[in-house]
2 protein chains.
Amino acid sequence: MTREAGATRTRRPPAERRAEILRIAMETFAERGYQSASLAEISARVGLTQAGVLHYFSSKAGLLTGVLDLRDSSDIEELGSERPHGLAFLRHLVETTRRNTEREGIVRLYTVLAAESVTAEHPAQEYFRDRYQGLLALVVEALEEARSLGEVADDVDTATTARVIVATMDGLQLQWLLDPGSVDMTRATELAIVRLIGRDLPPVGQTSGGPGA
Amino acid sequence: MTREAGATRTRRPPAERRAEILRIAMETFAERGYQSASLAEISARVGLTQAGVLHYFSSKAGLLTGVLDLRDSSDIEELGSERPHGLAFLRHLVETTRRNTEREGIVRLYTVLAAESVTAEHPAQEYFRDRYQGLLALVVEALEEARSLGEVADDVDTATTARVIVATMDGLQLQWLLDPGSVDMTRATELAIVRLIGRDLPPVGQTSGGPGA
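Residues numbered from 1 in each chain as written. Chains lettered and ligands numbered in written order. Predicted model: local features only at pLDDT ≥ 70, side-chain atom pairs only at ≥ 80, totals over all residues. Heavy atoms only, no water.

Under the annotation held in an unreviewed UniProt entry, chain A carries the name AcrR family transcriptional regulator and is attributed to Promicromonospora sukumoe.

## Description of the interface of chain B and chain A
Opposite the 47 residues of chain B that make contact, chain A presents 47 residues. Interface of chain B and chain A: buried area, both sides summed, is about 3800 Å²; carbon and sulfur atoms make up 62% of it. Our count for the contact surface shared by chain B and chain A stands at four salt bridges. At the junction of chain B and chain A, the tally comes to 15 residue pairs in polar contact (both at pLDDT 80 or more). Counting residues per element, the ones that place at least two in the side of chain B that touches chain A are helix 2 (14-32), helix 7 (104-116), helix 8 (125-148), helix 9 (158-178) and helix 10 (185-197) of chain B. Take the side of chain B that touches chain A: its biggest share by element is 14 residues, from helix 9 of chain B. In the side of chain B that touches chain A, the residues fall into 22 nonpolar, 14 polar and 11 charged. (Contact = heavy atoms within 4.5 Å. Buried area = accessible area lost by both parts, 1.4 Å probe. Salt bridge = Lys/Arg side-chain N within 4 Å of Asp/Glu carboxyl O. Polar contact = N/O pair within 3.5 Å; in protein donor to acceptor, adjacent residues only side chain to side chain. Helix = DSSP H or I, 4+ residues; strand = E, 2+ residues; numbered from the N terminus. Nonpolar A, V, L, I, M, F, W, Y, C, P; charged D, E, K, R; others polar.)

## Observations concerning the packing of aromatic side chains
Tallied over the entire structure, the rule returns six aromatic pairs over all chains. Ring plane angle 90° and centroid distance 5.0 Å describe the contact between A:Tyr127 and A:Phe128, whose orientation is recorded as edge-to-face. The pair formed by A:Tyr127 and A:Phe128 is uniform in burial state, with each residue classed as buried. With a centroid separation of 6.2 Å and 80° between ring planes, the pair formed by B:Tyr110 and B:Phe128 is classed as edge-to-face. On the criterion of sequence distance, the pair formed by B:Tyr110 in helix 7 and B:Phe128 in helix 8 is long-range, its members being 18 residues apart. One exposure class covers both B:Tyr110 and B:Phe128, and it is buried. Here the aromatic cluster, defined as three or more aromatic residues joined through ring pairs, consists of A:Tyr110, A:Tyr127 and A:Phe128. Geometry around A:Tyr34 places A:Lys60 over its ring, the cationic atom sitting 4.4 Å from the centre. (Phe/Tyr/Trp six-rings, centres within 6.5 Å; stacked < 30°, edge-to-face > 60°. Buried < 20%, exposed > 50% of the residue type's maximum accessible area, 1.4 Å probe, protein only. Lys NZ or Arg CZ within 6 Å of the ring centre and 35° of its normal.)

## Focus: the pattern of salt bridges
Any two side chains of opposite charge can pair if their charged atoms end up close together. Under the definition given, this model contains 34 salt bridges over all chains. A salt bridge links A:Arg129 to A:Glu126; the nearest nitrogen and oxygen atoms lie 3.1 Å apart. Pair noted here: A:Arg129 and A:Glu126 are both in helix 8 (residues 125-148), with a separation of three residues, about one helical turn. For A:Arg129, a relative accessible area of 21% gives the class partly exposed. Assessed through its relative accessible area of 46%, A:Glu126 is described here as partly exposed. The partner of B:Arg91 in a salt bridge is B:Glu190, with the nearest N and O atoms 3.0 Å apart. Of the two residues, B:Arg91 sits in helix 6 (residues 87-100) while B:Glu190 sits in helix 10, which places them 99 residues apart along the sequence. Taking relative accessible area as the criterion, B:Arg91 reaches 10% and is therefore assigned buried.

As structure tokens, this is what we get:
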């Protein structure tokens, strides 16, 4: 990089520069995993010195936290009180899978980091433990809503079924990343949920318990 | 290590030494992933120089191949023509999960390496692509056997159901590694399979199509 190019870059507003660093860190972690990605490579791809990157994020672990805090607004955990209920939430999981087929980088990032987080002293282990607990709680709640509305059978074990739904989504992502042409994640996720709850899902956009649901 | 200890070690038969290197490489890959594990660490844990390890395995990638070629004789892919058929094979998957709860190191190794294999230029990517193809083919075959015996409904989509069963097992392993006390992998795997095929599994040891199956 020439001095002139460096000067041009430093004129970018800090918020924009920060966002660019995060975008490149995300790409690099998705490509290499966290442990193998180096601050040197991330800095070079951004076009900054390592000191320049450390001005925004204090360490490689700080970058990881920044990347994990980025949440696509379509993500399930970010829906808050707006989230759909009962079977409509399960339909939402299928639609999330459909969107995931168009954002391979994010899927790769989470697949690689989640598995890597079980290795020794990984800085994201607590993050993923919490993330699964939160996600499982949402799925359990939706299954219980559906059960109380009579939308799923009374004998559905909501805790185990929630685990299996989340596990299915994770495992399909791995198969899809290895062999995208052979795996229809969306179809497989819907088939799994329908079989697990013994009931078809409502069409997209229909609220739970509505006519024909 | 003292010269004397070194001398003692070199008296061990090559086959035994080779097996020890593989065991330690397996542990190290499970703890750190492949990319982060170093030949230096593996060699130190074995008590050999790097040159000493390279006498048995020509590179770190060679060690990885050696580790992946190690197969527990209880593994599904190793059953060959002895494998159970139809629903008995699906029961075997549940029993494999039960055994996996007692071999956390192997589960960790495969979970970490499979996800890591989708990163850039990973030496085990082809291995895992092939492994999933082989595993899926076995599950599809068992589902088709069961269908032809009338043990599962005619409308079961064997290809997608096989993917979902394998995905469920992978995803549950990840949840279990993160939080072993909260996850009953065996129970969850059986629940998933039973719901997916709409039929209870035969007890352990019963062949497919037998009375009461």
